[in-house]
Every structure is written in C-alpha cells, then in structure tokens.
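Remarks on the overall topology
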Amino acid sequence: MAQLNDKHVLIFFLDGVGLGEADPARNPFATAVLPHLTTLFGPDWYLASRGAILTDKASLIPTDANLGLPGRPQSATGPAAILTGRNVPQLVGEHYGPKPNTAVADIIRQGSLFQEVVAAGGQAALITPYPPGYFAAIDSGRRLLSSVPLAAASAGLSLRTLEDLRNGRAVSPDFTAQGWRDHLGYPDIPTLTLAQAGAQMAAIAQTHHFSFFEHWPSDVRGHRGTLAEAAAHLESIDAVLGGLLKAWDETNGLLIVTSDHGNIEDKDSRSHTRNPVPTILAGANQAALASQINNLTDIATAVRTTLGLPLK
C-alpha cells in the first residue's frame, strides 16, 4: 500500500475556461481587471499564443484538453481525464457530456485520485456542497451525478451538504454563498467575501491530503450572458484566487487551478472551444511539476507525485 507524505493538494477546477485571443469584443479576459493573476504572470497571460509562463511564485501552462480527438471537449470526459489520469475521450471514442454515460462512469468507478488517496489511508474531499434538493433528485433518479461527484462518491466519500456549508467545511460554487440565500431559501447561511472564500478553501485543504473544488458557474457565463457579465465573473475568480494564494501553504501544499475545456474566453460562441486551458501551479515543487504538464491527463501525475502515490 502507498504511504502518503505530509503534503496536501487542492485542485481548483474552473469549468469552461480557456486561453483565447486578444480581442476585447469577444474575450472578456481582455477587459477584465485581474490584479492577482496579472501580478503573478504579467500582461496578456490569458492569450493562447503566449505559451507557458514560469515564475518563482507560480507557473501557468497552456494545457491540451482535446486529447487527440476531433470535436469540442465536454464536461463529462474532461473532468474524468483530470481525476483518473487516463485519456477518457480516447477510451470511449468521443468527447462526451455534460453528464457521464455508462462508458465514462465505468472508467471513473475503476479508480480516481479520490479513490487512490482513500486507499492509501489519506483524507480526501470534494469541498463543493450540494443542497437538499440535489440529493432528492439523485435519489429519485431525476438527476445523474456528474463526473466529479461520481468520482468522490465512488471512493466512498460523502458529498458535502448544507450543514457542511453552514459550518465552514465547504465553499459554495458561487464563492460567497449568497445564492443559497437568494435562490435556495436559506437566509441563515453565512456569506463570505471573495477573499474569505479563497482563504476558507486553503484552510479546508490543509486538513486533507487531496481536495477538489468544482466551480461550474464559469461555464454558465460562457454559454449565457453578456461579455460584461463574463468579465465581471472573471474578476470574482481573480479575487478568490487572491485570498487563496495569500493563505496558501507554499511549503507543503500544491495548488492546481485548471479547466476541462474552453468556453468563456470566446463570447462570440455559445459553445465549448478547442482552445488550450490554463493550468496554474503554485506552492510545493510547482516549477518542476509544471514542466511535465502537456494535457489534462498529466494533472493526475502532478497530484500523485506530490502526495507520494504510485505513478501510473
């Protein structure tokens, strides 16, 4: 059995965020005010043509989400590739999504980073919470688990709940939890500032070997809404990352920010793109690990290397 070390890893997963072109009429990155990311990587870091950016503090690697297949990457096979380290689109013969079909689900159930950490005696968690109505829809069969919660549940982990959010053991997909008050009818849920949400992610990650935060509203902003709304959303992500990086344990923790496919970076289209996605590494051994990342399947290798899990 693998022996885990004292490191911890957080994957901050941004659904539908790619690297695009320098066109302010279509790319909200070109007009968004992103002080934390710009301080880290300099101007124009969000361009697909810029290439890898390596600094002492963090690295940004344009990452292939197409995985050798034609068509647009999708929200079932992409996260599955990240969490298993396997070329899931190639294994099932297509990019598939948004929810996993039987073939994708079977690959996820065969093993994921969640399962590997649990099998090694470690602590793992999907720190995005779900409301009671979500669990009711799953139990009734009206809704299917998407790839990320399926991977967590297949590892025997309990999905985080309203009570976890209320007690600081989870971070809302909208960061502040205001949506739980305004749209889900829970006025007693404490709200956070964007920086506090980032700091809370860091605090939770320090109590686990492996944590995963799934932020899906970025993909929604790609599919729907205006260019200005997309830029404002990117600004909220930057503020969360600022709080997260400030609180991050650079010595013992590896932070990975990545995505499954492009979308929000091209508001001329309402569909996913084939653009590379940004993978950001910060913290423990980030520079050496960055040199090994080319596509989505390489992210699992970075996690395994950091935690001392067997490489596959």
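Preceding this section is the structure that the text describes.
Residues numbered from 1 in each chain as written. Predicted model: local features only at pLDDT ≥ 70, side-chain atom pairs only at ≥ 80, totals over all residues. Heavy atoms only, no water.

Time to look at the nonpolar core. With 48 residues, the main nonpolar core has I11, F114, F210, F212 and I256 as its most contacted residues. For this core, the element with the highest residue contribution is helix 14 (residues 298-307), accounting for 5 residues. With sequence-adjacent residues up to four places away left out, F212 is seen in contact with L10, I11, F13, L83, F114, A125, L126, I127, T128 and V148. (Core = buried A, V, L, I, M, F, W, Y, C linked by side-chain atoms within 4.5 Å. Buried < 20%, exposed > 50% of the residue type's maximum accessible area, 1.4 Å probe, protein only. Helix = DSSP H or I, 4+ residues; strand = E, 2+ residues; numbered from the N terminus. Contact = heavy atoms within 4.5 Å.)

Our next topic: the sheet that holds strand 7 (residues 277-283). Strand order in the open sheet formed by 7 strands is 2-3-7-6-1-5-4, with mixed pairing between adjacent strands. Where the open sheet ends on each side, the last strands, each with one partner, are strand 2 (53-54) and strand 4 (124-126). Across 6 bridges, strand 1 (residues 8-14) lies against strand 6 (residues 253-258) in parallel orientation. Across the sheet, L10 pairs through a bridge with L255, a residue of strand 6. Relative to strand 1, helix 2 (residues 77-84) is tilted by about 170°, and along the sheet it contacts strand 1, strand 5 (210-215) and strand 6. (Pairing = 2+ DSSP bridges. Axes fitted to C-alpha atoms, helices over the stretch in contact; angles between N-to-C directions.)

With that out of the way, let us pick up the pairing of strand 3 (residues 58-63). On a regular strand, each side chain points to the face opposite its neighbour's, so the side chains alternate between the two faces of the sheet. Most of strand 3 is tucked away: 5 of the 6 residues are buried. Bridge analysis of strand 2 against strand 3 gives 2 bridges, and the strand direction is antiparallel. If you follow L54 over to strand 3, its bridge partner there is S59. The antiparallel pairing of strand 2 with strand 3 creates a hairpin that spans 3 residues between the two strands. Sheet topology places strand 3 next to strand 7; 6 bridges connect them, and they run antiparallel. If you follow P62 over to strand 7, its bridge partner there is P278.

Take the side chain of H215 next. Looking at where H215 falls in the secondary structure, it is placed in strand 5. Look at H215 and you get buried, because its relative accessible area is 1%. Side-chain polar atoms of H215 contact the backbone oxygen of P173, separated by 2.6 Å. At a separation of 2.9 Å, a polar atom in the side chain of H215 contacts the side chain of H233. Discounting residues that sit within four places of it in the chain, H215 has contacts with F12, F13, L14, D15, P173, F175, H233 and I237. (Polar contact = N/O pair within 3.5 Å; in protein donor to acceptor, adjacent residues only side chain to side chain.)

What follows deals with unusual backbone geometry. A cis geometry characterises the amide bond from G97 onward to P98, with omega recorded as 10°. Among the secondary structure elements, P98 is positioned in the loop between helix 3 (88-92) and helix 4 (102-110). One non-glycine residue, N285, lies in the positive phi region at around 60°. Position of N285 among the secondary structure elements: in the loop between strand 7 and helix 13 (286-290).

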